[in-house]
Amino acid sequence: MSSVDEIPQPHPTNTNTNPSQPRDSHSPNHDVSSQPINSPTPPDSRAPISLHDATTLPTESNPYITPAPVSDPAPAKNTLDSVKDVLGRWGKKAAEATKRAEDLAGNMWQHLKTGPSFADAAVGRNFRASLDTVLHSAYIGLGGSRVDDNGSISKVSSSESCNSDDEEDECVSIDALATAISHVILKPQFRALSTKFSGTQQAMASFDSFSYLTQREAVEVDESLMGPLGFSVDQLMELAGLSVATSIAEVYKPSDYSRVLTICGPGNNGGDGLVAARHLHHFGYKPLVCYPKRTQKPLYAGLVTQLEALSIPFMSVEDLPSDLSDDFDVVVDAMFGFSFHGSPRPPFDDLVNRLVSLHNQISQKRSVIISIDIPSGWHVEEGDVDGTGIKPDLLVSLTAPKLCAKKFIGPHHFLGGRFVPPAIAEKYNLILPPYPGTSMCVRIGKPPQVDISAMRENYISPEFLEEQAEADPINQFHKWFGDALAVGLKEPNAMALSTVGKDGKPSSRMVLLKGVDKNDFVWYTNYESQKARELSENPHASLLFHWDGLNRQVRVEGYVQKVSDEESEQYFHSRPRGSQIGAIVSKQSTVVPGRHVLHQKYKELEQKYADGSLIPKPKNWGGYRLTPHAFEFWQGQKSRLHDRLRYSPCEINEQKVWKVERLAP
Ligand SMILES: NC(=O)C1=CN([C@@H]2O[C@H](COP(=O)(O)OP(=O)(O)OC[C@H]3O[C@@H](n4cnc5c(N)ncnc54)[C@H](OP(=O)(O)O)[C@@H]3O)[C@@H](O)[C@H]2O)[C@@H](O)CC1
Ligand SMILES: [K+]
């Protein structure tokens, strides 16, 4: 990504710059530019497309969130004192370093308060790197010392300190110092922050840990929510059950895990299970409910009626199969939540044992276990004390994780209950991760370990046959581009541009297609960038569009030329002023000493052109057009038998036509 145009930015998919033209996602002319397109394809000739993958939820895996086992944070004052003490003792250099750390923290803080939430996570990471750098110098200044999480600092031996051969040890110490100082500098402000600055918390999660509630706190939070904060139990249960269902759907797709047994207990945890079963039904699962100790309260009776109205079967404990894995892909443990105490009484003792025994099955595919809020039978604070309890594959903590969740070592830990108001977060010093987008759940903990070699999709797509292919590949491109728009794919005009300079070494980057003009593919960039240099040395390039949601990709290969200066001029001035200034600021592909340099220049130019005057297009900025000489349309199919139709030019009766050939996948 090297120019402003090349950075995928959130913007409407409709890039039509003609305001008089209505937005119509089904129109083939509603495409990559306002420029005329040859032979638009009538909408009704469009091949049917599979919509099944087009609305996949954003991934919740969050590399910034690390559920490091939490030691109870040291009181900030003690930590501060220890750090100050040591820094005082070891002199000016360290003090300077700390000042820089504070400045950094201040900048970071400012940014976090104002920045967009998702970018903040990355900023948090950079911040951590910068802080580490500062602390590294502090460390050197200190002559080597260790600071543990509680802020106590000890000197390391001279052989250990500042020894470049001893990177690991050094890193540990720097890391500890960073943690201690970040506790001191950032935590108070962070704590005061309400949950609405969710990006802040996401960034902080990288060097702090989540809050865990004791049993008493969990009950208190419950009482506050349903007392002064005005929630009803029905509401919270509905949101909790929905969070559980969405968490399950994030990990276990109904195509592979449709048969769900929900075992519900006598309290609200059981109620969450009843709600989750209903939502799972609507998500395409086939739930069955075991609810042995029903309560007659209207809330629960209503939930049962709702399930019965959906023909969701109920089964007694006695009728459950002896081996749950025979009949169920998923077992939802909704027996007990945070009010559990003692040992499970019948019939739940038997049910808990059945779930425990699932883990002893090694020979066949066993049911996966999803526990709501607390793995039933676990001590709410101590966890699975003797190690003989349920070992859920997925734990969905509600509101905030309870202390026992620290002992959870399964692959998937989610948080649900997107309803915590700031008053609760502040009162209980809750540090919670942000929920992405509109999601009801968020993964907490490390993303699951995956075997990359085992990652594959079995694509299901409609057939793409030669007789369906347009004679002109440009029309075929527009047809598929229209499909990508129709299903709402984000930035279908993003394409990988590959170039090769005279050294013969290829390079690729994503750029945004800005139009298909007279059959040429047009984009804009900086004429002094790496790609521009390579294109000046070798004008052959390849474009690759990847429309994941449709299991499709399109390769376009051809010869590249610059567009006319007038065209570049016209397009340049159609861009947002910020992008225009950005193009002047960025001497693309050259080394810059830091982001601040770009910001500084940007600010200066912003002021210069604050009066709205014309921002001149830089001479080194303009467009390219690729005239295609080959296309390949690829569509994923079952068992790797993908469709590949290649278009190559040939002459028939002195007329240039495109030959369509199927390639082996
Ligand atoms: N923000 C929130 O707070 C939200 C909370 N929500 C949900 O509520 C859950 C807490 O619900 P809860 O308080 O109703 O208690 P829960 O744990 O379901 O079970 C209590 C029942 O179990 C029984 N029982 C206890 N021990 C037992 C034993 N050893 N063996 C057998 N039975 C035993 C006990 O009977 P008792 O012992 O009192 O006679 C009582 O009938 C919470 O974890 C979350 O899932 C969400 O819905 C919304 C947001
Ligand atoms: K449970």
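The model shown is predicted, which means the values in this text are computed figures rather than measured ones.

Helix and strand content of the protein: 17 helices and 18 strands. By residue count, 49% of the 665 residues in the protein fall in the buried class. Looking at the protein alone, contacts between residues at least 24 apart form 71% of all its contacts between residues at least 6 apart. As displayed, the protein offers around 31,500 Å² of accessible surface, 54% of which is attributable to carbon and sulfur atoms.

This brings us to helix H8 (residues 268-282). With 15 residues, H8 should cover 21 Å at 1.5 Å per step; its first-to-last C-alpha distance of 21 Å lies within 8% of that length. Among the 15 residues of H8, 12 are classified as buried, and the element is accordingly described as predominantly covered. What H8 keeps buried is the set Asn269, Gly270, Gly271, Asp272, Gly273, Leu274, Val275, Ala276, Ala277, Arg278, His279 and Leu280. The positive-phi residue at the C-terminal boundary of H8 is glycine 284, with phi of around 105°.

Attention shifts here to the nonpolar core. Across soluble globular proteins, nonpolar side chains have a tendency to be buried as a group. Counting residues in each nonpolar core, the largest one holds 47 residues, and the members touching the most others are Leu261, Ile263, Leu324, Val331, Met335, Leu355 and Leu430. Where this core is concerned, the elements lending two or more residues are helix H6 (215-226), strand S3 (259-264), strand S4 (286-290), helix H11 (348-357), helix H12 (422-427) and strand S9 (441-444). Here this core gets four residues from one element, more than from any other, and that element is H11. Aside from chain neighbours lying at most four places away, what touches leucine 324 is Leu261, Val331, Arg354, Leu355, Leu358 and Ser367. In this structure, Val244, Ala249, Ile312 and Val368 belong to the second largest nonpolar core, which totals 36 residues.

This next bit is on the coordination of the potassium ion (ligand 2). Between any two of four tetrahedral donors, the ideal angle at the metal is 109.5 degrees; between two of six octahedral donors, it is 90 or 180 degrees. Bound to the potassium ion (ligand 2) on the protein side are Asn269 (OD1), Asp333 (O), Phe336 (O), Ile372 (O), Ile374 (O) and Ser376 (OG), at distances that span 2.6 to 3.0 Å. Summarised as a motif, the one-chain spacing of the donors to the potassium ion (ligand 2) is N-x63-D-x2-F-x35-I-x1-I-x1-S. On the criterion of sequence distance, the pair formed by asparagine 269 in helix H8 and isoleucine 374 in the loop between strand S6 (368-372) and strand S7 (394-398) is long-range, its members being 105 residues apart. Isoleucine 374 carries the same exposure label as asparagine 269, and that label is buried.

What follows covers the environment of glutamate 250. Structurally, the position occupied by glutamate 250 is in helix H7 (residues 233-251). Owing to a relative accessible area of 17%, glutamate 250 belongs among the buried residues under this scheme. In this structure, the C-alpha to C-alpha distance between glutamate 250 and cysteine 441, residues 191 residues apart in sequence, is 9.0 Å.

The positions that UniProt labels "binding site: K(+)" (unreviewed entry) are, in the present scheme, Asn269, Asp333 and Ser376. Annotated residues spanning 108 residues; largest pairwise C-alpha distance 9.7 Å, indicating a single compact cluster. Filtering out sequence-adjacent residues up to four positions away, asparagine 269 remains in contact with Asp333, Ala334, Met335, Phe336, Gly337, Ile372 and Asp373. Given the relative accessible area of 0%, aspartate 333 is considered buried. In contact with aspartate 333, not counting residues within four places along its chain, are Ile263, Asn269, Leu355, Ile369, Ile370, Ser371, Ile372, Ile374, Pro375, Ser376 and Ile390. Looking at aspartate 333, its side chain comes within polar contact range of the main-chain nitrogen of methionine 335, at 3.2 Å.

A few words now on the site of ligand 1. Taken together, 23 residues lie near ligand 1, and Asp272, Gly337, Ser339, His341 and Asp373 sit nearest. In this structure, glycine 337 approaches ligand 1 through a main-chain N or O atom, which is 2.6 Å from an oxygen atom. Residue histidine 341 places a main-chain N or O atom 2.7 Å away from a nitrogen atom belonging to ligand 1. For ligand 1, the accessible surface in isolation is 940 Å², of which the surrounding protein chains cover 83%. Along the lines of polarity and charge, the residues of the shell around ligand 1 split into 11 nonpolar, eight polar and four charged.

Another point: the packing of H8 against helix H9 (residues 298-309). The contact between H8 and H9 brings their axes to 10 Å, and the two run at 25°. With respect to each other, H8 and H9 are oriented roughly parallel. H9 is crossed by H8, and the crossing has left-handed handedness. Contacts from Asn268, Gly271, Leu274, Val275, Ala277 and Arg278 of H8 reach H9 at Tyr300, Leu303, Val304, Gln306 and Leu307. Partitioned by chemical class, the residues of the contact of H8 with H9 number seven nonpolar, three polar and one charged.

On to a nonpolar patch on the surface, then. A contiguous nonpolar surface patch, about 350 Å² in accessible area, is contributed by Val450, Ile452 and Met455. Considering the arrangement of structural elements, one finds isoleucine 452 in the loop between S9 and helix H13 (473-486). Accessibility expressed as a relative area gives 66% for isoleucine 452, which makes it exposed.

One open sheet accounts for seven strands, arranged S4-S3-S5-S6-S7-S8-S9; its pairing is mixed. In the strand order of this sheet, the two ends are held by S4 and S9, each with one partner. Averaged over all pairs of adjacent strands, the angle between their axes in this sheet comes to 20°, without regard to strand direction. In the sheet, S3 pairs with S4 via five bridges, with the strands oriented parallel. Bridge assignment links leucine 261 to a residue of S4, and that residue is leucine 288. Each of strand S5 (330-334), S6, S7, strand S8 (412-416) and S9 is contacted by H7, which is oriented at about 150° to S7, the strand it contacts most.

A separate point is the side chain of arginine 625. Within the element layout of this structure, arginine 625 appears in strand S16 (residues 621-635). By relative accessible area, arginine 625 is classed as buried at 10%. Side-chain polar atoms of arginine 625 contact the side chain of aspartate 520, separated by 3.0 Å. Not counting residues up to four positions away in its chain, the partners in contact with arginine 625 are Asp517, Asp520, Phe521, Val522, Tyr559, Val560, Gln561, Val563 and Glu567.

Our next topic: the pattern of salt bridges. When charged atoms on two side chains of opposite charge get close, those side chains can pair. Applying the stated criterion across every chain, the model contains 23 salt bridges. With a closest N to O distance of 2.8 Å, lysine 402 and aspartate 373 form a salt bridge. On the criterion of sequence distance, the pair formed by lysine 402 in the loop between S7 and S8 and aspartate 373 in the loop between S6 and S7 is long-range, its members being 29 residues apart. Judged on exposure class, the residue lysine 402 and its partner aspartate 373 are both buried. In this structure, lysine 391 engages aspartate 384 in a salt bridge whose closest nitrogen and oxygen atoms are separated by 3.7 Å.

The subject of this paragraph is the pairing of S9. Neither face of S9 is left uncovered, since the one carrying Cys441 and Arg443 and the one carrying Val442 and Ile444 both have all their residues buried. In terms of strand pairing, S8 meets S9 through four bridges, oriented antiparallel. For glycine 416, the partnering residue across the bridge sits in S9 and is cysteine 441.

Per-residue confidence for the protein gives a mean pLDDT of 76; residues scoring 70 or more make up 68%. Across the whole predicted complex the pTM is 0.56, and at the interface the ipTM reaches 0.98.

The next subject is the side chain of aspartate 329. Within the fold, aspartate 329 resides in the loop between helix H10 (324-327) and S5. Among the polar contacts listed, one links the side chain of aspartate 329 to the backbone nitrogen of serine 258, at a separation of 3.2 Å. Aside from chain neighbours lying at most four places away, what touches aspartate 329 is Asp256, Tyr257, Ser258, Arg259, Lys365, Arg366, Ser367 and Val368.

Cut-offs used in this document
- Residues numbered from 1 in each chain as written.
- Chains lettered and ligands numbered in written order.
- Predicted model: local features only at pLDDT ≥ 70, side-chain atom pairs only at ≥ 80, totals over all residues.
- Heavy atoms only, no water.
- Helix = DSSP H or I, 4+ residues; strand = E, 2+ residues; numbered from the N terminus.
- Buried < 20%, exposed > 50% of the residue type's maximum accessible area, 1.4 Å probe, protein only.
- Contact = heavy atoms within 4.5 Å.
- Areas by Shrake-Rupley, 256 points an atom, 1.4 Å probe, with all protein chains shown as cover.
- Expected span 1.5 Å × (residues − 1).
- Core = buried A, V, L, I, M, F, W, Y, C linked by side-chain atoms within 4.5 Å.
- Donors = N, O, S within 2.8 Å, 3.2 Å for Na, K, Ca; no water.
- UniProt positions renumbered as here; feature names shortened; annotations may be inferred.
- Polar contact = N/O pair within 3.5 Å; in protein donor to acceptor, adjacent residues only side chain to side chain.
- Near = heavy atom within 4 Å.
- Nonpolar A, V, L, I, M, F, W, Y, C, P; charged D, E, K, R; others polar.
- Axes fitted to C-alpha atoms, helices over the stretch in contact; angles between N-to-C directions.
- Parallel < 35°, antiparallel > 145°, perpendicular 65-115°, else oblique.
- Left-handed = near helix turned anticlockwise from the far one by under 90°.
- Patch = residues over 30% accessible without salt bridge, like charges linked within 9 Å, V, L, I, M, F, W, Y side chains within 5 Å.
- Salt bridge = Lys/Arg side-chain N within 4 Å of Asp/Glu carboxyl O.
- Pairing = 2+ DSSP bridges.
- pLDDT = per-residue confidence, 0-100.

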